[in-house]
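Take a look at the letters that make up each chain.
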Amino acid sequence: MLAVHLISFFFSKLQEDPTKKVDRFLYAMRLNDGQLTDISARFQAEMKKGLLRESNAAAAVKMLPTHVRSTPDGSENGRFLALDLGGSKFKVLQVKVREGRGLRKGQVEMEEKIYPVPVELLSGRGAELFDHVAESLKDFLQEKKISLDQKHPLAFTFSFPCELPSLHQGFLLSWSKNYRVRGFQGKDVVHALRQAIYRTGGVDVEVLAMVNDTVATMMTCGFDDQYCEVGLIIGTGTNACYMEEMRHVDLVEGDEGRMCVNTEWGAFGDDGALKDFITEFDEDVDAASVNPGKQIFEKMVSGLYLGELVRLVVVKMAKLGKLFDGCVSEALRTKGKITTAHVAAMEEYKTGLKNTREILMGLGLSPSPDDCIAVQHVSTIVSFRSSNLVAAGLVAILNRIKKSRGVRGLRITIGVDGTVYKTHPQYPKRLHKVVRRLLPECNVRFVLSESGSSKGAALVAAVAQRLASRKRQVDQRLSPFRLSEEHLQLVKARMRVGLDAGLKATGPSAVKMLPSFVYHTPDGTEHGKYLALDLGGTNFRALLVKFKNGRQHNSRLYHKIYTIPLEIMQGTGEELFDYLAHCVGDFLDYMGMKNVRLPTGFTFSFPCEQSAIDTGKLVSWTKGFKATDCEGHDVVNMLREAIKRRNDYDLDIVSIVNDTVGTMMSCAYEDPECEVALIAGTGSNVCYMEELRNIKKVKQSTHKTEDVNTDGGEEKGTEKTTNHTADISRMCVNTEWGGLGDDGSLDDIITSYDTAVDQNSINPGKQRFEKLTSGMYLGETVRHVLLDLTREGLLFRGNVTETLKTPDIFETKYLSQIESDRLALLQVRSILQKLGLDSTCDDGIIVKEVCGAISQRAARLCGAGMAAVVDKIRENRGLDRLTVTAGVDGALYKLHPHFSQVLKETTRVLAPQCNVTFLPSEEGSGKGAALITAVAKKRQL
């Protein structure tokens, strides 16, 4: 019975599947999805370390910026020379990128010639190597009869690790691929190339770009597929690159757009990050290499090492008696006898086992069928591990792209080149399958680079040329918005002339300088309950403000907002004011104060001529209001009549104020030095405390007084132009500065885009300064610029959409959103997409630049105007230096990310003798109206 069992066991061993034997032997190389996810997470951590300035020096994965900021969009054109140096052969090419010709737009044609690199140059001096490159280039030009008299744009593929400070500058970090050129490490490769071309003579080139072969592969595939944003090399060596958000590339200044980063991922694991996945065979390969301890990941996956890994496994199995009956031939013991080409041949679908047998017999072995199956399976496991590790690296890159762009899914193409990918029969399919399994939410496409890296280098140059040309054209369009300090000084001077002219009693003035009859700012002792009404747009606000007695700068505010229907805005004046009276009645009911006659301030944010603090004749409606029988009428009286018609409550309307004046009063309650206010929102305006003696247009009674005169001296019996008490020496003036330029004084800075905005407005030729500075118009100005750039083919691929042709579609709020420092360009593109504008990353950069130019001009113009106002106050008071606070309100100032800072800096530069503090109004002009009422009641004005 025992003999039967032994025989059965013997035959079962004979019939054992040879692949199982290999699986057990190489279990450490068979990686499951959990392990691959772990490796992917480790690589992501290494990527982050390499991108950060403070940790880059210690990072194994260097994440080298390439300064390639854009993939091709199909509009590139021109002729380029290309040099490709990265192995034993050197190539010179002419690449023609033609737009709109041939069978396909953007067709690319190439002529090339290969020049062998003499072996002695691989370990010679750098100058000798580059002289050979330059002489080969000259020979190519002469052979192809390419003119030597003109300057040729040139791209250089240099497939060795380099640090690139710019697109046309690269310092060699280390040689590889059998190159050991002396005295060249750390030198600028492009500079060496230029010097060699100069020594050779007779050739004139402009080196536009130097790129790694991985980057060039991405660009080659990107020319045919706009979603290609990752490049992958799986050949003798391995590497990957991808388009990273600029804000994450610490080693390069700027945060706009994207830049291709060359990961140099072959060094992943050099710091021990892969130590628990490294087998004894990997250790043996590394120890026998020319760079022990370096390029660990590359030694696990690339074609230079796969054959050697298979050989080492087969030798070990044979020594253990698991193959060839323990026989190890001399050839099998020899390094390099099994190549990656052998590995690919052994895994051929139909002929793999036959090829395996022939390869093993060529090594002096006599393999059995099971030996052939086992060795083939060793090759499969080694190459499968390679594709798995590459997949883990790609998954890390794709996850980083997803996270950086804030998206859950991703449609992306990976451009691939390299002999392993191209010649191994199973490798691509395995790689694709694992990537898609680990990232099911991503639509990942792999595209093989058919034309190699030379075409890609030329395309990098073509893109660089296109972007440089487009930037010049965009800068030319935007240059009129970029005002010099001299221009701003002129605007300040013209604003000053407008202020002085508007104060006079006679003569027309573009700057109206309307008296407000507000003589005092709050002193903090105001107390009591006051009603404030605020009409300035499509909403009407009723407020109850309580100032607490004996407690400075302390108030409580209650309010309710009412929407004004369009039919009321554009109906009759009586209907409008009846509606306002109804809203007030509702609010008083809400507050339980309908039987109390409250002192009331009325903020009315439309141009009014005032003859007293409680009277104001409407000059003209704005902001979409068209109520009839109002212009030229006293709006305070119209409100009183509407309240009287209701006959269920009464108000003591003490004041009517502009929103700018209300803002100044609100801020002055917090800061007694506040004597100026700016509105920078839908509209643009300023008010300030002017010396009463300068306001010639105020109609006042004259009488004799012995009080102190407004000049500060004592004159008995002097005739004074005031009917108020002696401490009245100033009055707040509402400048209505938006009218500056209505007389042509700003024609030299007004652009054609501003003219288009003005002509399409409801008041052509009016409010020219406001149309340059206010939120109501900035978005429309941006739209006109974008429309022009698109028609010129500089934006949105020249596609002029109906959206882009729609007036007022580009609201000013989009400027604030787009210019935010925290907003990624993907979000900019999302905003544009909502507007029906299909944009590229480059389009997003240009749109952001346009928005920035127009909003910055607005802020600088406001700063110039503010400088004129505060300098006038300083001169009025005979001061060498003025310290003053300016209250500010408006969405443009409060919400735009840069407006306030540009405004402050411009004011500081143009009014150096004035210390201006800008104080945002927390509770707006409604509270200011209540304060004006409180001050007026207290002083019995």
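Residues numbered from 1 in each chain as written. Predicted model: local features only at pLDDT ≥ 70, side-chain atom pairs only at ≥ 80, totals over all residues. Heavy atoms only, no water.

Comments concerning the overall build of the chain
Looking only at helices and strands, one finds 30 helices and 28 strands in the chain. A compact globule built from 941 residues should have a C-alpha radius of gyration of about 30 Å, whereas the chain, at 39 Å, is more than 25% larger. Principal-axis analysis of the C-alpha atoms gives the chain an extent of 135 × 85 × 50 Å. Partitioning the intrachain contacts of the chain with sequence separation of at least 6 by distance along the chain shows that 71% fall at a separation of at least 24. Carbon and sulfur atoms form 49% of the exposed surface of the chain, whose accessible area is close to 40000 Å². (Helix = DSSP H or I, 4+ residues; strand = E, 2+ residues; numbered from the N terminus. Rg over C-alpha atoms; globule rule 2.2 N^0.38 Å. Contact = heavy atoms within 4.5 Å. Areas by Shrake-Rupley, 256 points an atom, 1.4 Å probe, with all protein chains shown as cover.)

Describing the state of the cysteines
One pass over the structure, following the stated rule, counts 0 disulfides. Its sulfur unpaired, C630 is 10 Å from the next cysteine sulfur, which belongs to C608. A relative accessible area of 1% places C630 in the buried class. (Disulfide = S-S within 2.5 Å. Buried < 20%, exposed > 50% of the residue type's maximum accessible area, 1.4 Å probe, protein only.)

Considerations on the environment of D225
Examined against the element boundaries, D225 turns out to sit in the loop between α7 (213-224) and β9 (228-234). Note: C-alpha distance between D225 and D73 (152 residues apart in sequence) is 8.9 Å.

A closer look at the nonpolar core
Counting residues in hydrophobic clusters, the biggest one holds 109 residues, and the most contacted among them are V676, F810, V850 and F899. No other element matches helix α27 (residues 841-876), which puts 17 residues into this core. Beyond its immediate sequence surroundings of up to four residues, F899 is in contact with A680, S855, A858, A859, C862, L892 and Y893. (Core = buried A, V, L, I, M, F, W, Y, C linked by side-chain atoms within 4.5 Å.)

Thoughts on the pairing of strand β5 (residues 152-158)
With 7 of 7 residues buried, β5 is to be regarded as a mostly interior element. The side-chain alternation of β5 yields two buried faces, one formed by H152, L154, F156 and F158 and the other by P153, A155 and T157.

What to know about the sheet that holds strand β11 (residues 258-262)
Strand order in the open sheet formed by 6 strands is β1-β11-β10-β9-β12-β13, with mixed pairing between adjacent strands. Here the strands that pair on one side only, and so sit at the sheet edges, are β1 (64-65) and β13 (442-448). Examined bridge by bridge, β1 and β11 share 2 bridges and lie antiparallel to one another. Across the sheet, P65 pairs through a bridge with V261, a residue of β11. (Pairing = 2+ DSSP bridges.)

Some remarks on the packing of helix α13 (residues 369-405) against helix α15 (residues 427-438)
At a minimum axis separation of 9 Å, α13 and α15 run at an interaxial angle of 40°. On the basis of their axis angle, the class for α13 and α15 is oblique. Both α13 and α15 take part in a crossing whose hand is right-handed. Along the contact surface, α13 presents T380, S383, F384, S386, S387, N388, V390, A391, L394, V395 and L398, while α15 presents Y427, R430, L431, V434, V435 and L438. Its residues assigned to classes, the contact of α13 with α15 shows 11 nonpolar, 5 polar and 1 charged. (Axes fitted to C-alpha atoms, helices over the stretch in contact; angles between N-to-C directions. Parallel < 35°, antiparallel > 145°, perpendicular 65-115°, else oblique. Left-handed = near helix turned anticlockwise from the far one by under 90°. Nonpolar A, V, L, I, M, F, W, Y, C, P; charged D, E, K, R; others polar.)

What about α15?
Between its first and last C-alpha atoms α15 spans 17 Å; for 12 residues at 1.5 Å apiece the expected length is 16 Å, and the two agree. Every buried residue of α15 is listed here: Y427, P428, R430, L431, H432, V434, V435 and L438. On the buried face of α15, the contacting elements are α3 (33-51), β9, α9 (296-301), α13, α14 (419-423) and β13. (Expected span 1.5 Å × (residues − 1).)

So, the environment of T339
As for its placement among the helices and strands, T339 is situated in the loop between α10 (303-319) and α11 (340-346). Placed 126 residues apart in sequence, T339 and Q465 show a C-alpha to C-alpha distance of 42 Å.

A closer look at the pairing of strand β22 (residues 674-680)
By the criterion of burial, β22 is predominantly enclosed, with 7 of the 7 residues buried. Both β22 and strand β27 (residues 882-889) contribute to a ladder of 5 bridges, which runs parallel. By the bridge assignment, V676 is partnered in β27 with A886. Pairing of β22 with strand β23 (residues 684-691) involves 5 bridges; the strand directions are antiparallel. Each bridged residue has a counterpart across the sheet, and for V676 the counterpart in β23 is Y688. Counting the residues that bridge the hairpin from β22 to β23 gives 3 residues.

Details of helix α2 (residues 18-25)
One turn of the α-helix equals 3.6 residues, which is why residues spaced by three or four share an orientation. Looking only at α2, the buried set comprises P18, T19, V22, D23 and F25. Taken end-on, α2 shows its buried residues confined to a sector of 165°, consistent with a single buried face. (Arc of directions from axis to C-beta.)

Things to note about the packing of aromatic side chains
What the rule picks out here adds up to 26 aromatic pairs. Between F130 and F184, the ring centres sit 5.2 Å apart and the planes meet at 25°, which makes this aromatic pair stacked. You can see F130 sitting in helix α5 (residues 126-143) and its partner F184 sitting in the loop between β7 (169-172) and α6 (189-200), a full 54 residues away along the chain. Classification of F184 as buried rests on a relative accessible area of 7%. Its end group placed over the ring of Y590, K560 keeps NZ or CZ at 4.7 Å from the ring centre. (Phe/Tyr/Trp six-rings, centres within 6.5 Å; stacked < 30°, edge-to-face > 60°. Lys NZ or Arg CZ within 6 Å of the ring centre and 35° of its normal.)

Concerning the sheet that holds strand β14 (residues 514-515)
The strand order β14-β26-β23-β22-β27-β28 describes an open sheet built from 6 strands, whose pairing is mixed. Of all strands in the sheet, those bounded by a partner on one side alone are β14 and β28 (914-920). The strands that helix α29 (residues 899-910) touches are β22 and β28; relative to β28, the one it contacts most, it runs at about 160°.

Digging into unusual backbone geometry
Phi at K145 is positive, roughly 55°, even though this residue is not glycine. Notably, E264 is not glycine yet its phi reads approximately 50°, a positive angle. Here E264 shows up in the loop between β11 and α8 (280-287).

Side note on the confidence of the model for the chain
The predicted model of the chain has a mean per-residue pLDDT of 87, with 92% of residues at 70 or higher. Confidence scores differ between elements of the chain, with strand β24 (residues 703-705) showing the lowest mean pLDDT of 35 and α29 the highest of 97. Across residues 101-105, confidence stays below pLDDT 50; counting only partners more than four residues off in sequence or on other chains, it has 8 contacts. Every residue in residues 701-726 scores below 50 in pLDDT, and together they form 34 contacts with partners more than four places removed in sequence or on other chains. (pLDDT = per-residue confidence, 0-100.)

Notes on the environment of A331
When you line up the elements, A331 lands in the loop between α10 and α11. A C-alpha to C-alpha distance of 38 Å links A331 and G415, two positions 84 residues apart in sequence. Other than its neighbours up to four places away in sequence, A331 contacts K337 and L363.

Considerations on the pattern of salt bridges
Pairs can form between side chains of opposite charge once their charged atoms are near each other. Per the counting criterion, the structure on display carries 61 salt bridges. Among the charged side chains, a salt-bridge network with shared partners connects K492, R496, D500, E690, D871, K872, R874 and E875. (Salt bridge = Lys/Arg side-chain N within 4 Å of Asp/Glu carboxyl O.)

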